[in-house]
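Analysis of the macromolecular model
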Amino acid sequence: MSDSFIEFFDSNFWMGEHNISNKHTVSDISSLDEISGRTAKYNINGALINHFNGYFCSAEAGNDMLSDFLKKANSSSAAATCCGVLFVEFEYFKGPEIFHEHLKKRYQQGFRAIRLLPKSHKYPFEATLLKHIYEVLNSCRFPVIINLEELDITGDKYIEWMKILHVAASFPEMPVIIDGGSSKEIMFNSYIYLLIKNSSNIYFNTHNLFSLGQIENIAGFGGSDRLIFDSFYPFYETFLSVDRILEADLEEKDKQNIASANIKNIMNNI
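Residues numbered from 1 in each chain as written. Predicted model: local features only at pLDDT ≥ 70, side-chain atom pairs only at ≥ 80, totals over all residues. Heavy atoms only, no water.

**So, the overall build of the protein**
Selection rule: A run of H or I in DSSP counts as a helix once it spans at least four residues, and a run of E counts as a strand once it spans at least two, with each numbered from the N terminus. With the radius of gyration taken over C-alpha atoms, the globule rule is written as 2.2 Å times the number of residues to the power 0.38. Buried means the residue's accessible area, taken with a 1.4 Å probe over protein chains only, is under 20% of the maximum for its type, while exposed means over 50%, and partly exposed covers the values in between. Should any heavy atoms of two residues lie within 4.5 Å, those residues are counted as being in contact. The charge count includes Lys and Arg as positive and Asp and Glu as negative, but it does not include His or the ends of the chains. Taken as the charge centre is NZ of Lys, CZ of Arg, CG of Asp or CD of Glu, depending on the residue.
Scanning the protein from N- to C-terminus turns up eleven helices and eight strands. On C-alpha atoms alone, the protein measures out to a radius of gyration of 17 Å, which is about the 18 Å that the 2.2 N^0.38 rule sets for 270 residues. Considering only C-alpha atoms, the protein reaches an extent of 50 × 45 × 35 Å along its principal axes. The 270 residues of the protein split such that 56% are buried. Within the protein, contacts between residues at least 6 apart in sequence are counted, and of these 79% link residues at least 24 apart. Once the 24 positive and 34 negative side-chain charges of the protein are each reduced to a mean point, those two points are 3 Å apart.

This is the structure:
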């Protein structure tokens, strides 16, 4: 295998209207063109997509808009596979049976992960308070994505790492994917290493691991099966994240694990 044959799957693509920055707004047409174009240019053959409307406006409305996009995208001639990232709707808090029915419906619509927004959308993420949601996700082996900035409640980079570990340990069949957001803090390296060492179901996205040797050290410490490629588009240019993996000082099989194999294994195991 050579780098030209490494297949990528983007685990963190954003689309829709960005309410704060117009330059980050990505329309349905632009999204489809971008996703399709990246297949030929970067060998990115799929994407997990987040919708800005689910973040800025209504989780339910954003999920519905993304569902419509997935239907259109996956029935088009686009070579890439489009999957959805679900936002937590208020109905989900009413009980496990209600949430399970919603989750089944969204799965059928193409959703393959759920993103928690405890800081932005004002709800807990602790294992006890969100127990009925985690129990359903655990029983379905449905992955959870959470941004470190959503855990930084004070805004002072104080993150309760033990709570993340407690959630993962309490629900071991539920993959927990940590998204670094816009933070590129080398100071978090030791926490990343120790979370990997003390868990079997915690993963880390790669888009913000640009520091010298950071990906290589994490892969060497915990194995390449705990890192997941993401572009963080449209906040980052795609080539930055792709080149970081292609140019990493790693074996080809490790690059392929990170580029697409790990996230595909997680989704196929749902």
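**Digging into the pattern of salt bridges**
We apply this condition: The term salt bridge refers to a pairing of a side-chain nitrogen on Lys or Arg with a carboxyl oxygen on Asp or Glu at a separation within 4 Å.
For the structure shown, the criterion picks out 14 salt bridges. A salt bridge links aspartate 179 to arginine 115; the shortest N-O distance between them is 3.2 Å. Highlighted residues: aspartate 179 in strand β6 (residues 176-179) and arginine 115 in strand β4 (residues 111-116), separated in sequence by 64 residues. Residue aspartate 179 shares its accessibility class with arginine 115, and that shared class is buried. The partner of lysine 163 in a salt bridge is glutamate 126, and the shortest N-O contact between them spans 3.1 Å. On the criterion of sequence distance, the pair formed by lysine 163 in helix α7 (residues 161-170) and glutamate 126 in the loop between β4 and α5 (131-140) is long-range, its members being 37 residues apart. Taking relative accessible area as the criterion, lysine 163 reaches 28% and is therefore assigned partly exposed. By relative accessible area, glutamate 126 is classed as partly exposed at 24%. Connected through salt bridges with shared partners, the residues Asp64, Glu89 and Arg106 form a single ionic network.

**Re the packing of aromatic side chains**
The criterion, for reference: The aromatic pairing rule takes the rings of Phe, Tyr and Trp, using the six-membered ring of Trp, and pairs them if the centres are within 6.5 Å, calling planes under 30 degrees apart stacked, those over 60 edge-to-face and the rest tilted.
Following the criterion strictly, the structure yields 18 aromatic pairs and no others. Taken together, a centroid distance of 5.9 Å and an interplanar angle of 90° make the contact between phenylalanine 52 and phenylalanine 235 edge-to-face. Linking phenylalanine 52 in helix α2 (residues 52-56) with phenylalanine 235 in the loop between β8 (227-228) and α10 (238-246), this pair joins segments that are 183 residues apart in sequence. Overall, the relative accessible area of 2% leaves phenylalanine 52 in the buried class. For phenylalanine 235, a relative accessible area of 30% translates into the label partly exposed. Arranged with centres 4.7 Å apart and planes meeting at 10°, the rings of tryptophan 161 and tyrosine 191 form a pair that is stacked.

**Looking at the nonpolar core**
The condition that has to hold: To qualify as a nonpolar core, a set must consist of buried Ala, Val, Leu, Ile, Met, Phe, Trp, Tyr and Cys residues joined through side-chain atoms within 4.5 Å.
Formed by 75 residues in total, the largest nonpolar core has its most connected members in Ile49, Phe69, Leu116, Tyr134, Leu137 and Ile202. Residue contacts for phenylalanine 69: discarding those within four places in its chain leaves Met15, Asp28, Ser31, Leu32, Ile35, Ile49 and Cys82. By size, the runner-up hydrophobic cluster in this structure holds twelve residues, among which are Leu48, Ile145, Ile177 and Met267.

Any link to function would need more than the numbers given here.
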